[in-house]
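An overview of the molecular structure
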Amino acid sequence: QVQLVESGGGLVQTGGSLRLSCAASGRTFSNFLMAWFRQTPGNEREFVGAIGWSDGNRYYADSEKGRFIISRDIAKNTVHLQMNDLKPEDTAVYYCAARYGSSGYVASSDAYDAWGQGTQVTVSS
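Report follows, based on the coordinates. (Residues numbered from 1 in each chain as written. Predicted model: local features only at pLDDT ≥ 70, side-chain atom pairs only at ≥ 80, totals over all residues. Heavy atoms only, no water.)

1. Let's talk about the state of the cysteines
Put simply, the rule reads: In plain terms, two cysteine sulfur atoms within 2.5 Å form what is called a disulfide here. The helix and strand labels rest on DSSP assignments: H or I over at least four residues marks a helix, E over at least two residues marks a strand, and numbering proceeds from the N terminus. Exposure is judged per residue with a 1.4 Å probe applied to protein chains only, and the accessible area is read against the type maximum: over 50% gives exposed, under 20% gives buried, and values in between give partly exposed.
Under the definition given, this model contains 1 disulfide. The partner cysteine of C22 in its disulfide is C96, sulfur to sulfur 2.1 Å. The sign of the S-S torsion, about -75°, decides the handedness of the disulfide formed by C22 and C96: left-handed. With a gap of 74 residues between them, C22 in strand β3 (residues 18-26) and C96 in strand β9 (residues 92-99) connect regions that are remote in the sequence. By relative accessible area, C22 is classed as buried at 0%. Of the residues examined, C96 reaches a relative accessible area of 0% and is grouped as buried.

Pasting the structure below:
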């Protein structure tokens with residue numbers, strides 16, 4: 001089992017930036033896909049982006065492409081989400097997730113096996 005702990009959330013003004021981090025521990029990560037989702041009250045978790053742990057391939061939701069950047073630090077077992085030009089509609093709880101194998105749709109929350117506790121991001125207008 002892998003444990004995920006997010007950090008870096010907070011309050012930022014429109015147009016600002018935040019960098020979220022997800023520290024992973026536990027089992028090895030060679031075949032993992034690490035992803036970020038976000039959720040607002042009353043809504044399902046929404047895919048933000050993902051990165052392959054071994055190959056570094058990146059996947060983004062169309063709405064965030066160009067503003068958000070996912071990266072990984074293999075030495076520190078950490079995944080980052082750099083969020084730029086933030087908008088009020090980016091306000092949400094952001095979750096880190098891990099998919100252990102290679103099956104399952106990248107953008108579906110059902111494909112992921114482990115989740116962090118979430119970190120709140122609030123963008124003020």
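2. A few points about the pattern of salt bridges
The test is simple: Salt bridge, as used here: a side-chain nitrogen of Lys or Arg that lies within 4 Å of a carboxyl oxygen of Asp or Glu.
Under the counting rule described, the total for this entry stands at 3 salt bridges. D90 is the partner of R38 in a salt bridge, and the nearest nitrogen-oxygen pair spans 2.9 Å. Of this pair, R38 sits in strand β4 (residues 33-39) while D90 sits in the loop between β8 (78-83) and β9, and the two are 52 residues apart along the sequence. In this structure, R38 and D90 share a single accessibility class: buried. What you see here is one network of salt bridges that share partners, running through R38, E46, R67 and D90.

3. Comments concerning the packing of aromatic side chains
The condition that has to hold: The pairing test for Phe, Tyr and Trp rings, Trp by its six-membered ring, is centres within 6.5 Å, and the orientation test on the planes gives stacked under 30 degrees, edge-to-face over 60, and tilted for anything in between. Only when the NZ atom of a Lys or the CZ atom of an Arg is both within 6 Å of the ring centre and within 35 degrees of the ring normal do we say a charge sits over the ring.
This model, assessed by the stated rule, comprises 6 aromatic pairs. Taking the centre distance of 5.6 Å and the plane angle of 70° together, the rings of F37 and F47 count as edge-to-face. Of this pair, F37 sits in strand β4 while F47 sits in strand β5 (residues 46-52), placing them 10 residues apart in sequence. The buried category is assigned to F47, whose relative accessible area is 10%. One cation-aromatic arrangement involves R45 over W115; the distance from NZ or CZ to the ring centre is 4.5 Å.

4. Considering the pairing of β3
Selection criterion: Paired strands, in this sense, are two strands between which DSSP finds at least two bridges.
Sheet topology places strand β1 (residues 2-7) next to β3; 6 bridges connect them, and they run antiparallel. Opposite L4, over in β3, you have A24 as the bridge partner. Relative to β8, β3 is paired through 6 bridges, and the arrangement is antiparallel. The residue bridging S21 from the neighbouring strand is H80, located in β8.

5. Here we look at the environment of G8
How we decide: Residues are treated as being in contact if the distance between any of their heavy atoms lies within 4.5 Å.
In this fold, G8 is placed in the loop between β1 and β2 (10-13). With 72 residues separating them in the primary sequence, G8 and H80 have C-alpha atoms 9.5 Å apart. What G8 contacts, discounting residues up to four positions off in sequence, is L18, R19, L20 and T119.

6. Structural notes on the nonpolar core
To be explicit about the condition: Residues enter a nonpolar core if they are buried and are Ala, Val, Leu, Ile, Met, Phe, Trp, Tyr or Cys, with the set joined through side-chain atoms within 4.5 Å.
In this structure, V2, L4, M34, W36, L81, M83 and Y94 are the most contacted members of the largest nonpolar core, which totals 28 residues. Looking at this core, the elements that each hand over two or more residues are β1, β3, β4, β5, β7 (68-73), β8, β9 and β11 (119-124). Non-local contacts of L4, meaning those with residues more than four positions away in its chain, are made with C22, A23, A24, M34, C96, A97, A98, A114, W115, G116 and Q117. Of all hydrophobic cores here, the second largest spans 10 residues; its members include A35, F37, A61 and Y112.

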